[in-house]
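# An overview of the molecular structure
Next come the chains, spelled out residue by residue.
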Amino acid sequence: MHLSLTESSSSYIRRASFFNFPNEKHFLIRYSQPLVEGFLKSLKRLLTNKLYVVLVLVTCFALFVVSGLAAFKPKYLEHQFGISASKSNMVLGLSGALPAFLGSGFSGIIMSKLKLGVISTAKFCTLLYVITAISQSMLVVFGCPQPNTAGFRGVESSRQLYYNGDNSTSCADVCKCTNGRFSPVCGDDDVMYYSACYAGCQKSNISGKATTFSECSCIPDAGSAVSGVCDTTCGMLIPYAVFTFCGAFAGAMSIVPKIILSIRVVEPRDKALSLGVTMFSFSIFSFPSPVIIGAIFDSFCLIKDSLGCGRDVCVLYDRDGLRYGIMSIMGVMRTLMILPIIYVWYDLVKQAKRQEAKKENEERKGVMPVIQVTGAEPETLNVGSKDDISAAMQGSCRDLSNVGI
C-alpha cells in the first residue's frame, strides 16, 4: 500500500526541521555570541597571565631544541663519529627514545607520590632544567677528529680537489679526471681523496668488497690506496651517548611537572583552554626548527656530490664546525631556559609570602579568611570581633538549654 504525506503533515515536518525554526536567522547570533565573548575573555586572561606565558614559551623553546635535533641526530652521528646509519639509529634509540620514555613515566610517579605543591614543583623543574643544560652543553666536547682530506686541513696544496681551484698543475693531471661521483679512497698517508683518479692511481685490484689501488702519484712514494673513507672512529661515542641519555632523561622528567605547573597558575575556568593554547603553541614553534637546523648543517658542508637533475647531497662535513655550531647553539638555548623557570619560582614565592602576610593581617583584625581557590581572588568573611563571637555562642547555648537539649 502506497502512503503519501498530506499537506498538513508535510508542512508540520518542515516547521519541525531544525533549520526551519521561525527564529533560525537569529539562532547563531543568540547562541554563538556568548561563546565567542567567553572565549575571548578567557584567552585574554591567559595571555595576560605572565607566569602562564613564561611557562608556555619555555616549553616551546625546549620543543624547538628537541624537534630540530630529532630530525638531524642520525645524520649528525654518522658524520661526527664515522659510524653507519644502522648503528647511529641504534645509538639514538638507546640514548634518546628510551630515556624519554623512562623519564616521563618516572616523573609522573614522583608527582603522584610526593604530591608536590606549586613552589616545590617549580623547584623540581629548575633542578631538571639545570641537569639538562649541563648535559647538552657537555656534548660540545665529544667528537671525533676531522679526517685528512686532499685540499683541506693543511694538507699539501698540490693535492687539490676538482672544485677547489685550478688543477692544471696537480699530481692527478696525468689521469685526466672528470667531475664524477664521489668515490673516496684512503691512501697510505691517511689522507682521503675524492676518488682513485684524483689520487693519481694507475692500477687497481679488486678483492672481495674492497678495491686496492696502486702506483698513486699523489701519495708519497707512489703509494697505494683502499676504497672507502679513512677510519676516524674514536672513543668519544660512549661518553656522548651517556650525556645524551642523562639530558634526555632529565628533559623528559620536566614535561609532567611543567604541564601541572602551567595548569595551576591559571584560574580553574581557564584550565581547559590553557591546554589547547599550549598545544597550539607547540605546533607553531616546532615547525621552523628542522628548517633552521638543516640550514646550519648545510653551512658546514665541505664536499657535495651531484645526484643529477640539479640535486646535490653533502658527503663530507666539517666535523669541528658542525659540533661547535650545532651543540653550542643547543647548549646556550638550554641554559637560557633556566632563567624563566627561576623567575616563575621566584614569583610564586613572592605570591605565597604576600598571601601569608595578608592572612596574618586579617587574623589580627578578627577577619576569618575563606580558603582561596587556585587562580581566583581571595575573599574574606567578616564575622565580627572575638567578644561578639563569644557572646553569640553563649546565647546559642542558653537557647538550646531552654528547649531541653
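For the structure itself, consult the block above.
Quick look at the structure, then.

The rules behind these values
- Residues numbered from 1 in each chain as written.
- Predicted model: local features only at pLDDT ≥ 70, side-chain atom pairs only at ≥ 80, totals over all residues.
- Heavy atoms only, no water.
- Salt bridge = Lys/Arg side-chain N within 4 Å of Asp/Glu carboxyl O.
- Helix = DSSP H or I, 4+ residues; strand = E, 2+ residues; numbered from the N terminus.
- Buried < 20%, exposed > 50% of the residue type's maximum accessible area, 1.4 Å probe, protein only.
- Disulfide = S-S within 2.5 Å.
- Core = buried A, V, L, I, M, F, W, Y, C linked by side-chain atoms within 4.5 Å.
- Contact = heavy atoms within 4.5 Å.

### A few points about the pattern of salt bridges
Scanning all chains against the criterion turns up five salt bridges. Here D347 and K50 are joined by a salt bridge, their closest N and O atoms 3.3 Å apart. One end of the pair, D347, is in helix α11 (residues 338-364); the other, K50, is in helix α3 (residues 50-81), and 297 residues separate them in sequence. Using a relative accessible area of 5% as the deciding quantity, one classes D347 as buried. Since its relative accessible area comes to 46%, K50 is described here as partly exposed. Taking the shortest distance from any N to any O, the salt bridge between E267 and R269 comes out at 2.7 Å.

### Notes on the state of the cysteines
Counting across every chain of the model gives four disulfides. The disulfide that involves C144 links it to C234, with 2.0 Å between the sulfurs. Note on the C144 and C234 pair: the S-S dihedral is about -90°, so by sign convention the disulfide is left-handed. Pair noted here: C144 is in the loop between α5 (118-138) and β1 (185-187) and C234 is in the loop between β5 (225-227) and α6 (237-253), with a separation of 90 residues, a long-range link. The exposure class assigned to C144 is buried, which follows from its relative accessible area of 1%. At a sulfur-sulfur separation of 2.1 Å, the disulfide partner of C186 is C230.

### Let's talk about unusual backbone geometry
Peptide bonds are mostly trans, and most non-glycine residues show a negative phi. Positive phi outside glycine occurs at K115, with the angle close to 50°. At E215, a position not held by glycine, the phi torsion is positive, near 55°. Relative to the helices and strands, E215 resides in the loop between β4 (210-214) and β5.

### A closer look at the nonpolar core
Generally speaking, a soluble globular protein has its nonpolar side chains buried in company with each other. In this structure, Y240, F297 and I326 are the most contacted members of the largest nonpolar core, which totals 26 residues. Among the elements of the structure, α3, α6, α9 (289-299), β7 (311-317) and α10 (319-336) are those that each provide at least two residues to this core. For this core, the element with the most residues is α3, which contributes seven residues. Filtering out sequence-adjacent residues up to four positions away, I326 remains in contact with L69, I293, I296 and F297. One finds Y52, V58, I338 and I341 within the second-largest nonpolar core, a separate group that totals 23 residues.

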